[in-house]
Each structure stands twice: as C-alpha cells, then as structure tokens.
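What follows is each chain in one-letter form.
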Protein chains: 2
Amino acid sequence: MKSYFCSFVLLISFFSSMLFAKEQVDLVILGPNIVTMNQDRTIIYNGGIAILGEKICAIGKSSDIKAQYKGKETVKTEHSWLIPGLVNTHNHAPMILLRGLGGDQCLQDWLTKSIWPVEKVYGFDPEYIRDGMLLAGWEMALTGTTTHLTSYFLPHEQAKACKELGIRAVVCHGIVDSAPFLKGKTADDLLKSAENFLKTWQNDPLITPAISPHSLYLCTPQTVRKAFDLAEKFQAPVTIHLLETEKEKLELQQKYGKGPVQLLEEKGCLKPNLLVSHAIWVDEMDLDLLSKRGVKVAHCAQSNMKLASGIMPIGPMLKKGLLISLGTDGAASNNSLDMFQEMDVAAKLHKVSTRDPDLCPAEKIFAMATIDGAKALGMDKKIGSLEAGKLADMVLLYSKTPSMRPIYEPYAHLVYAVKGNSVDSVLVHGKWVIRNKKLVNASEDELFTKAGEWEKKIMRMIDEK
Amino acid sequence: MKSYFCSFVLLISFFSSMLFAKEQVDLVILGPNIVTMNQDRTIIYNGGIAILGEKICAIGKSSDIKAQYKGKETVKTEHSWLIPGLVNTHNHAPMILLRGLGGDQCLQDWLTKSIWPVEKVYGFDPEYIRDGMLLAGWEMALTGTTTHLTSYFLPHEQAKACKELGIRAVVCHGIVDSAPFLKGKTADDLLKSAENFLKTWQNDPLITPAISPHSLYLCTPQTVRKAFDLAEKFQAPVTIHLLETEKEKLELQQKYGKGPVQLLEEKGCLKPNLLVSHAIWVDEMDLDLLSKRGVKVAHCAQSNMKLASGIMPIGPMLKKGLLISLGTDGAASNNSLDMFQEMDVAAKLHKVSTRDPDLCPAEKIFAMATIDGAKALGMDKKIGSLEAGKLADMVLLYSKTPSMRPIYEPYAHLVYAVKGNSVDSVLVHGKWVIRNKKLVNASEDELFTKAGEWEKKIMRMIDEK
C-alpha cells in the first residue's frame, strides 16, 4: 500500500512539474511598459517579454511571463519603457566623420565645395569607411536605432563594421555614372562590384545587401534599369534619391523633357521594392504614380531643413496612402543620427508648415520610425514591432532624468519629450548591443580616439588646400 | 659683508615671490576650448579660466592662467569645451508637470481643453509650483541653461525653488484681467501682489523679479499700462505674449480696430525693457515700431511649430536690427527644455521655410542663445559671454560620446550636433549646479519620485472628469 502511495505521489509531482515547469529561454525582461506597435497598437503596462535565440517567443503581462519562462538572464526593471528598435531608412553612415563641414550651405554647394573634395581623397580608404561606420553605429545604437539603411563607398567595409557592432543594416552598393570622386570607375565597374556584393551578403542574418543607383542626376535611366535588373536577380531592395532639390527637377526636365518619376516609370523601375528618399519636389501626378506602384518613401526632414532643400508634402502623400518612413540622412547634413529628434522635428515641421497641429500625430510618427520603417525596407515580417515570432530588436528606455516623468500619453512622450539619451539598453537579433548605455562589442575609447585622428587628418587636408 | 649679502638674497627672493606668486582664486579650469562669445567672438583653444567668488577674474591660454592663478579647486580637462551658460528667454517652467497633455492640438484647444482644467485645480498649489520648478530647473541645468525667464503662477515659490537649485532666473509675476483659473482674483489684486513680489526680490543675486502682463487678449491696454508703471518704479523687465496666433491678430483687430503693437505704442509701452514673445503675426509696420523702440524678441520656434501657430519672420526682423533671443516656451508645448535642440531646430526651420541655407548661420544662432539672450533680459553687462569681470555662469561640455568628435567648426557643431546630454558640469554665479552630470543642490531621487506622484495625481484627476 505504502509503495502504491509513494508511486502515486511521485506521479503527481512528475505531472505537476510537467505542468508548471518554466520554459527555459535566453532572456526574460520583466516590468517595463511595452509599446508593441502591433496591429492593435497594444501597450502592455508592467509587461514582460521572453527571448530565445534571436526571436521573441512570448510577450504579455510581467506576471504571466514570469510564471511561464525562466531566463538564463533576467532583467527586472521599473519605470522603464520597452519599444521596438528604431528604423532609420536613409543614411550615409560613415559620413559622420565629415559632420560639421560646410554648414549653412545648400545641397549643391555643400557637396561640391565641402564634401566631395574630402571624399575624393578618403572615399575608397577602408579605414575611413570602417572607422566612420563604427562611430555612426555607436551613435545610432546609443540613441535606439537597431536597423538602418546606409549607402556610401565600400559597402563590404560598412557591412563588416555593422556586424562587428551587432547592429542590423541594409547596406547599399552605390551606383553612379559619373562623379568627381569615382577615380576612373565606370557604372559597369560599379554594377559588377554590386553583383559581387549582393551575392556575398545575400544570406546574412544581420546585413541585407541592397543597391542604390544614386539619383537620376548622377545616373542615366539605363544605368538605373541595370541596377534594378540586379536587384531583381537577388530580390534585393533598391533605394534612390528623388527630387531632393528644385534644381534636380528643373535640370531633368530640361535634359529629358520629363521628371524622374516619369523616367523611372518608363524604365519599369517603380516597384514595391523601391524606396525613394526625400521626394520633396513631387507633383500630384508623381504621387499618383508612386502610390499606384507601391513605392515607399524615406523622409529626411532635418537634412532637408538644414540644406534648405524644401518641405516634403507629407499631407497629400498620406492621403494617397503612400508608406512614409523616416531617415536622418548622413550625420554631415543633419547633423545627428538620433531618431528621437528626427521624429520630433518631422512632426513639428509638418504641423507648422501646414498650420495643422493634428497632421502627423505622435502615434503615426512613431509608426514611421518603427513598423513603417520596417515596411519601407521590406522587413516588416521580421522587425518593426514587438510580437512573438519576430526578431528580438528592441530598446529599453530608462533613466532617472527629468524627461522621463511625468508621462501621460506614451506616443506623445516618445516623440516630443524623450531624447536618445534616455536609451539604457539595446538588443539586436537577441543580443545586447548597448547595455547600461555602454557599447558591448567595441571599445568606446578606441572609436573616440580614432575619430580624433580623423579630425586632425581631415583638418590638415583642408588647411593645406 | 656676509650679512649684506644675506639681506640682498632675502630681498631678491621676497620680490621674486611677489612677482611670481600665484594669485589665490576659488576655481581654476584648465584645458577646455573656450567659446567666449565676447565682441570679437574669440575662441581660445586649450584655454583656462580663473574664478573668484561669483566672478570670472581672468580668462586666457591654459598655460597663462596656470602660471598666474592657484585655485582652491582646479579642474583639468582635455577634449572639452567651455561655453557661456545658455539663456532661455521664454518659459513657464513649472508647466513641465503637464508635459505631454493634449498633444497635436492648436494653442487655443490645447489651453482650454487640456491645460487650464488642470491649472484651475493646481495652479495656486505651492507644492505643484515648487515641484514643477525644481524638475524644470533640473532639466534646464542638466542641458546647459544657466539663466531662464519663467512666467507662471506663484512667482515667490518659483523664485525660491530656483535659489534652492542655484540657477539664475528672471521670474515674472503674471497679470491678467480675466481667465478661468483666476479664482475670483482681479487684475488689481494681481498688480498689488506683483508690487510686493518686485519689492521682495529686487536685490537678489540670482533672481531678477519681473512683470508679465500676459497678452492683449487676456489683459486690457489699461492693465498692461499699469504693469509698466510698476516695472518703471522698480526698473524691472517686462514680458508679454505678442501675436502668437493669427486668431489673436484677428480678434484684437475686431475688438480695438488695431493690432497689439499699435495698442502698446499708444500706451507708451514699447520700451527697451520690453521683451515680446512669439511675434509671429507681425506686419511690416509692427516691425518698424518694435525696432525703432528697441523692443526685444523671444523666439520660440519649437513651441510655435508644435502648436502650428506659424513661423516668426526672422529674416525681416534681423534686417531691421531687432534683437532676437531664444526661448523654449513651457515644456508642455515644446516638449523639452533643452536649448541645444532649440538652437538646432530654430536654425533649420528658418533655412527651410525661406529656402535660404545661410539664414540664421550657426554663430548667429549661438549668439541668440547666449549674449543676445542676456541682452534680451537686460543682463548683458553681467552674463552671456565669458569675459573677465562677468559673472561666472558657464557650461563645461565633455563626454566621450560619438557626438563630440570630430569637431571642425565649433559653432556649427554646438548648434547642429551637440545635444544637452553632452553637458558635464554647470557653474552659476561661481558655484557648481551640475557636477559630472549630477544635480548638486537637490536630491534627484526626490525630484523624480515627486514627478511620479504628480503624474498619478493629475492622471486621476483627468480620469475622474
């Protein structure tokens, strides 16, 4: 009888342990208010999240997650906010090393007088690209960006630096027909190099290789078409500068008798995998075409403001259902890579320029910097919101600073009051990239020292001219 | 002979000690690059500064200062920048406790639907004012503002809180004829209370008492005149909201058959001690009058953007020689008190809205936030630049962060790239207010906890409505 009883007790405890055993995961975060950016825009107060490998395996109330999951690492927080990692859809990341050169000029003067002379010397220098990418990646991660699109020289070097830091990136191979910094390279040379780049990186977990025919003022329509052919072969995203200045509009009109949107349409390049940046000088017909073809937009409010390029007509764009995302552009024309300020200023710019305080409300702007950013890059199945099954790219906001209290309306607070310096920790692909405001995978001292060396080198070069 | 020789040696060593003895001061800072904002806009690389009591006694090259002065405290820094404390000329500081309420509305809706109902309950609550002022003071000091103008309820409480933190403030006693939050008080009651306030604080080293008839839509011209009489009696600054919205312009036109600038002129209120805030809907004639009378302007770019009030015509104002300073406005309509972002966004807004990238160049914008801010408050003999004889109000920027390197053009970097979070330490009136990013004179934990309590209290009040 006793042995029966013992067996019974053992059986019960076995089943109960089966029933109540916590699932083992890599990381559990308990306590933050979670802004999910899922379809219903659920905000979970006192939430919890469980992460296994590179993915979110569960998200819910803190008590439920605590009951069901046991993390190899557990982070308990109070008064903190967990948001999806921000997505910056237009950047030339290593240009951070040129930040501050030639302020207070228009795009054309700034490029030709201040930027291209330096790029002509250093553009193809792997160290310049690597050091710039690492510095930019540090600034982005530190201010809550987990995914960015970057288009600049030597994309292999950029991709490697992003992997080193552990951040996600869409790295574009640039294509131009002619430019002073090309050093004899032709568009065909660049297309060949781009094919090699797309092939090399096509299955990387962090890097999405892409192609960027620069614009229709630096590329012929034929070259843009060739870039699209390559993109189709590798199912890669394409991005192009479009109507950033009125000058571009007027010159293309004069040269081709039509604008760039029409030129792209004729070449069959208006596709859902196309992301156009700036799109300031678009007219009604352009917008109709872009919208009909499912083309996405990367809006760079601050860069457009600083270079006095113009104000993108976001109201009509939203009305036509165009997908808008946000980009900082390079730090040399912004002059920061902080997506919190980008959200804030973009929202304010459109309110005042239309005199409509409800245009670009905070929730919509926050979507542009998260889930709509992911859509712009064709990655919304994987990132852009905090949901079970998605990749674990997220930002923990915490700081005992005056800007973190009081908080009445989460989206308004995230867009208008929180700055990048409230970011405490950042997770990309399930791994810490920033922990307690510190870079995890690179030496901050080394990056800072190298940035100082570039300052001296570039200053000297400018002084000698 | 020997004794003669001894006397001679003693005499020599006495004179040489007289010649080479270092002057004893309270604080010496060695090593920073100093942006003085003096008349010549001198920038001293590897500079030094000596402070005795509340004043700067010497400023120059680090080696010279080191040779001549011995500080009770010596701060040696590298890679850092020392700038004059920033001056915020328009704020309603304790409103920080309402930050985030009623986003995405115009001024009128935001005030009447979201702000006034809360102010009606808490506006005259000394704890609300004190806690709000301390929180705002913390945010301002932490982001490099050493002097601000604040206009809100219970100015005594605000002044006391500023002194507690050690920050400099122009604290205004507000005057209105009627408003829903007045609780039966008349303009004459307020004027009487203002007189008492001006008398009490007239000789304070940190607080400059001032008077603020709110605007010509909440005050009659007679009441504004009475406020000016008081200001004249005490030689106090006056500030007034002017033409912030088109609605104000239209309503005053309808009521008086003329605009507020004309009304102020007729009452003899356009004086050099008058600081008008916003000044968006001014016409050519208004600008001529304001300029002729030496009236100063507080420009609140971000608040005007967020409330979609309009864009101040800064180009014509500068052409007419008007003195422009910068204000954040209250944190509830900005939604931050970081003057670095205010400089950045103000510059960008005017570039894009006029399509002139050289309008508001970085140096001019930096002047608006320092020496011109001091002029706007009538305090430029004492603050606004780093010069021997001036009060020691200054900000040490230092952080090993990506935004502090490379730096090519100091003003461009300060305006477009540096954020408030690069502030390391802040000195006001010769005393540390922020040291290594920490508040010196109040408990950060206590301020943070109290802000959380106000969040709960105000949320509950709103939910119960």
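Residues numbered from 1 in each chain as written. Chains lettered and ligands numbered in written order. Predicted model: local features only at pLDDT ≥ 70, side-chain atom pairs only at ≥ 80, totals over all residues. Heavy atoms only, no water.

Student: Looking at this structure, how should I read the overall build of chain A?
Tutor: If you tally the helices and strands in chain A, you get 17 helices and 19 strands. Its C-alpha atoms give chain A a radius of gyration of 24 Å, near enough to 23 Å, the size a compact globule of 465 residues would have. Dimensions of chain A, computed from the C-alpha atoms along their principal axes, are close to 100 × 50 × 45 Å. Residue burial in chain A is summarised as follows: out of 465 residues, 63% are buried. If you take every contact in chain A between residues at least 6 apart in sequence, the share linking residues at least 24 apart comes to 73%. (Helix = DSSP H or I, 4+ residues; strand = E, 2+ residues; numbered from the N terminus. Rg over C-alpha atoms; globule rule 2.2 N^0.38 Å. Buried < 20%, exposed > 50% of the residue type's maximum accessible area, 1.4 Å probe, protein only. Contact = heavy atoms within 4.5 Å.)

Student: Quick question: what am I supposed to make of the packing of helix 4 (residues 126-142) of chain A against helix 17 (residues 444-464) of chain A here?
Tutor: The packing of two helices is summarised by the inter-axis angle and the distance between the axes. Residues and elements named next belong to chain A. Two elements in contact, helix 4 and helix 17, have axes whose closest approach is 10 Å; the angle formed by their N-to-C orientations is 125°. Regarding the angle of helix 4 to helix 17, the classification is oblique. In terms of crossing hand, the pair formed by helix 4 and helix 17 is left-handed. The segment helix 4 lies against helix 17, with Glu127, Tyr128, Arg130, Asp131, Leu134, Leu135 and Trp138 engaging Glu444, Leu447, Phe448, Lys450, Ala451 and Trp454. (Axes fitted to C-alpha atoms, helices over the stretch in contact; angles between N-to-C directions. Parallel < 35°, antiparallel > 145°, perpendicular 65-115°, else oblique. Left-handed = near helix turned anticlockwise from the far one by under 90°.)

Student: Looking at this model, I keep getting lost on the interface of chain B and chain A. Mind explaining?
Tutor: Often, the extent of an interface is quoted as the loss of accessible area upon association of its parts. Facing 69 residues of chain B, the contacting portion of chain A comprises 69 residues. Summing both partners gives a buried area of about 5700 Å² for chain B against chain A, and 62% of it is carried by carbon and sulfur. Three residues stand out in chain B for area buried against chain A, namely Asp104, Tyr408 and Phe448 of chain B, and they jointly supply 15% of the buried area on that side. Our count for the chain B to chain A interface comes out at 6 salt bridges. A salt bridge links Asp445 of chain B to Lys400 of chain A, with the nearest nitrogen and oxygen atoms 3.0 Å apart. Seen at the junction of chain B and chain A, the total is 28 residue pairs in polar contact (both at pLDDT 80 or more). (Buried area = accessible area lost by both parts, 1.4 Å probe. Salt bridge = Lys/Arg side-chain N within 4 Å of Asp/Glu carboxyl O. Polar contact = N/O pair within 3.5 Å; in protein donor to acceptor, adjacent residues only side chain to side chain.)

Student: Please explain the pairing of strand 13 (residues 274-278) of chain B as it appears in this structure.
Tutor: Within a regular strand, the side chains alternate between the two sheet faces. All names here are of chain B. Taking burial as the measure, the 5 residues of strand 13 include 5 buried ones, the bulk of the element. Here 5 bridges tie strand 12 (residues 238-242) to strand 13, and the two strands are oriented parallel to one another. Counted as the bridge partner of His241 is Ser277 from strand 13. Bridging between strand 13 and strand 14 (residues 296-299) involves 3 bridges; their strand directions are parallel. Across the sheet, the residue bridging to Ser277 is Ala298, located in strand 14. For the crossover that starts at strand 13, traverses helix 10 (residues 284-292) and ends in the parallel strand 14, the hand is right-handed. (Pairing = 2+ DSSP bridges. Right-handed = clockwise from strand over helix to strand, strands pointing away.)

Student: Would you take a moment to explain the relation of the copies chain B and chain A for this structure?
Tutor: One copy of the chain maps onto the other through a rotation about an axis followed by a shift along the same axis. Superposing chain B onto chain A requires a rotation of 180° together with a translation of 0.0 Å along the rotation axis, leaving an RMSD of 0.0 Å. Taken together, the turn and the small shift mark the pair as related by a two-fold rotation axis. Minimal C-alpha distance to the rotation axis in chain B is attained by Asn421 of chain B, lying at 3.3 Å. Take the interface residues of chain B: 100% of them recur as interface residues in chain A, which is what a same-surface contact looks like. (Least-squares fit on C-alpha atoms with pLDDT ≥ 70 in both.)

Student: Sorry if this is basic, but what is going on with the sheet that holds strand 18 (residues 431-435) of chain B here?
Tutor: Paired through their backbone hydrogen bonds, the strands of a sheet run either parallel or antiparallel. All names here are of chain B. Pairing in this open sheet of 7 strands is mixed, and the strands run 3-2-7-16-17-18-19 from one edge to the other. Strands with a single pairing partner mark the edges of an open sheet, and in this sheet they are strand 3 (43-44) and strand 19 (438-439). Of the pairings in the sheet, the one linking strand 7 (residues 81-84) to strand 16 (residues 394-397) comprises 4 bridges and is antiparallel in character. Residue pairing for strand 16: Leu82 is matched across the bridge by Leu396.

Student: Whenever I open this one, helix 7 (residues 221-234) of chain B confuses me. Can you help?
Tutor: The periodicity of an α-helix, 3.6 residues per turn, causes residues three or four places apart in sequence to face the same way. Residue and element names in this part refer to chain B. With 14 residues, helix 7 should cover 20 Å at 1.5 Å per step; its first-to-last C-alpha distance of 20 Å lies within 8% of that length. Where helix 7 is concerned, the buried positions are Pro221, Thr223, Val224, Arg225, Ala227, Phe228, Leu230, Ala231 and Phe234. Positive backbone phi, approximately 50°, marks Gln235, located one or two places after helix 7. (Expected span 1.5 Å × (residues − 1).)

Student: Just checking my understanding: could you explain the confidence of the model for chain A for this structure?
Tutor: Detailed reading of the predicted model is not advised wherever pLDDT is low. Chain-level pLDDT for chain A is 94 on average; 96% of the residues reach the 70-or-more range. At the level of chain-chain contacts, confidence expressed as ipTM amounts to 0.94, with global pTM at 0.95. (pLDDT = per-residue confidence, 0-100.)

Student: Which parts of the structure should I look at to understand the domain arrangement of chain A?
Tutor: Residue and element names in this part refer to chain A. What the domain assignment reports for chain A is domain 1 (23-84 + 387-436) and domain 2 (86-376). Each of domain 1 and domain 2 has a C-alpha centre, and the two are 29 Å apart. Taken together, the contact between domain 1 and domain 2 spans 26 residues of the former and 28 residues of the latter. Of the roughly 2200 Å² buried at the junction of domain 1 and domain 2 (both faces included), carbon and sulfur atoms supply 68%. If you sort the residues of domain 1 by the area they bury against domain 2, Met37, Val415 and Tyr416 come out on top, with a joint share of 26%. Its salt-bridge partner being Arg41, residue Glu363 comes within 3.4 Å of it at the nearest N-O pair. Linking domain 1 to domain 2 there are 7 residue pairs in polar contact (both at pLDDT 80 or more). (Domains from an automatic or database assignment.)

Student: How do you make sense of the packing of aromatic side chains when you look at a structure like this?
Tutor: Geometrically, a pair of aromatic rings is defined through the distance of the ring centres and the angle of the planes. Residues and elements named next belong to chain A. Tallying each qualifying case throughout the model produces 16 aromatic pairs over all chains. Centroid distance Tyr128 to Tyr152: 6.3 Å. Interplanar angle 40°. Geometry classified as tilted. On the criterion of sequence distance, the pair formed by Tyr128 in helix 4 and Tyr152 in strand 9 (residues 145-152) is long-range, its members being 24 residues apart. The class of Tyr152 is buried, set by a relative accessible area of 9%. Joined through ring pairs, the aromatic side chains of Tyr122, Phe124, Tyr128, Tyr152, Phe153 and Trp454 make up one cluster. In this arrangement the basic side chain of Arg435 is found over the ring face of Trp432, its NZ or CZ atom lying 4.2 Å from the centre. (Phe/Tyr/Trp six-rings, centres within 6.5 Å; stacked < 30°, edge-to-face > 60°. Lys NZ or Arg CZ within 6 Å of the ring centre and 35° of its normal.)

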